[in-house]
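# Coordinate analysis (summary)
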Amino acid sequence: MAVFFAVALLTATCPSMAFDMGQSTRCVTIPHRMKVCKDVGYSEMRLPNFLGHSNLDVEVVPRSEDWRPLLQTGCHPQAQTFLCSLIAPVCLDTFIRPCRSLCVAVRDSCAPVLACQGHPWPAALDCDRFPAEEDMCLSPHAKLNYFTKGIPKAACQNCPSVEEAPAVKTVLNSFCQHDFAVTAKLHRRRHPAGEPEYEIDGRVDFIRQGPLLPYDTQHLLQQWLLINLGCANGLVRPGRSQLCVLTGSVQHDGTLALTRVFPWNKKDANIAVATRKWKHHRC
């Protein structure tokens, strides 16, 4: 998973893959197996695409899958629109590329996710290469920020401390010191096969809710795992699930910061005692 972007990065930065707007193209149906661009809003795409790929089976479909883990992080609500406009451009009478403003919006949100996993933003996706705001390009939706305002979001961070078999006092102090405390079962797929490598198995139970939103917390924690892969890899082994108590805060900019993780195994009676005592505990 750590190298998911490497192939796409090499392909996207290779000078020989530059797209010539004057070359002839053809329209083909977007194949069902190209799941990255499923439900993108149109059914036919141009070949070669804007990354210079011309063969569906050898280049387009396999390379499109390289972007799936990035899209699964939810780094930007229009990341799929932006990427599919390049790898599966809509087949119309004229070429429709993403506007520079859309590229900037997606880059500013998704480049930190790539950096968190050790990858730079590809040179071929340099936003200066895309047209400035014009009639015939894809622009960002202005209302998206309105709908997500006030909702905590996952971001790259230093890994939280992981404490095995903590004392009751340690757990209670962590509950007091942080905005929230939840219990969640983290699951890691052994062979993701197109599905997210990490997910939250079952519901999230609140010990201290703080600024977290009940309807969004499960999704929020899964995004955190998919963005912070280096941290997630140390929390649960492939093919396994791990129940954990997670404590942390929501920063002033709205980003989630996990601070302490207590793996909760059957032998850890102190965690059970701490969660019971919390109902009547005074910090």
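Up top is the structure.
Residues numbered from 1 in each chain as written. Predicted model: local features only at pLDDT ≥ 70, side-chain atom pairs only at ≥ 80, totals over all residues. Heavy atoms only, no water.

### Here's the deal with the overall build of the chain
Within the chain one finds 10 helices and 10 strands. Burial analysis of the chain (283 residues in total) assigns 47% to the buried set. Of the roughly 14600 Å² of accessible surface on the chain, 51% is carried by carbon and sulfur atoms. (Helix = DSSP H or I, 4+ residues; strand = E, 2+ residues; numbered from the N terminus. Buried < 20%, exposed > 50% of the residue type's maximum accessible area, 1.4 Å probe, protein only. Areas by Shrake-Rupley, 256 points an atom, 1.4 Å probe, with all protein chains shown as cover.)

### What to know about empty space enclosed by the protein
Going through the model one piece at a time under the given rule, you end up with 2 cavities of 30 Å³ or more. A volume near 40 Å³ is recorded for the second largest cavity. Lining the second largest cavity we find Leu186, Leu221, Trp224, Leu225, Leu235, Leu246, Leu258 and Val261. Only helix 8 (217-227) and strand 10 (256-263) provide two or more residues apiece to the lining of the second largest cavity. It is helix 8 that contributes the most residues to the lining of the second largest cavity, 3 residues altogether. (1 Å grid on protein atoms, 1.4 Å probe; cavity = no way out; pocket = protein on both sides within 12 Å on 5 of 7 lines; lining within 4 Å. Points joined across faces, edges and corners; volume = space filled by probe spheres on them.)

### Observations concerning the environment of Cys110
Following the sequence through the fold, Cys110 ends up in helix 5 (residues 100-116). Note on Cys110: relative accessible area 1%, which makes it buried. Taking C-alpha positions, Cys110 is 10.0 Å from Ala155, a pair spaced 45 residues apart along the chain.

### Some remarks on the pairing of strand 10
The buried fraction of strand 10 is high, at 7 of 8 residues. As paired strands, strand 5 (residues 161-162) and strand 10 are joined by 2 bridges and run parallel to one another. Counted as the bridge partner of Ser161 is Arg260 from strand 10. Between strand 9 (residues 241-250) and strand 10, which pair antiparallel and follow one another directly, the connecting turn spans 5 residues, one of which, Gly254, has a positive phi of 90 degrees. (Pairing = 2+ DSSP bridges.)

### Quick notes on the nonpolar core
Membership of the largest hydrophobic core comes to 60 residues, with the highest contact counts inside it found for Met34, Met45 and Phe82. It is helix 5 that provides the largest number of residues to this core, a total of 7 residues. Once residues within four sequence positions are removed from consideration, Phe82 is found in contact with Pro98, Leu102, Cys103, Val106, Trp121, Leu125 and Phe130. If you look at the next biggest cluster of nonpolar residues, it comprises 11 residues, including Val168, Val171, Leu172 and Val245. (Core = buried A, V, L, I, M, F, W, Y, C linked by side-chain atoms within 4.5 Å. Contact = heavy atoms within 4.5 Å.)

### Overview of the environment of Lys169
The topology assignment puts Lys169 in helix 7 (residues 168-177). Taking relative accessible area as the criterion, Lys169 reaches 61% and is therefore assigned exposed. Considering only alpha carbons, one finds Lys169 and Asn270, 101 residues apart in sequence, at a separation of 8.8 Å.

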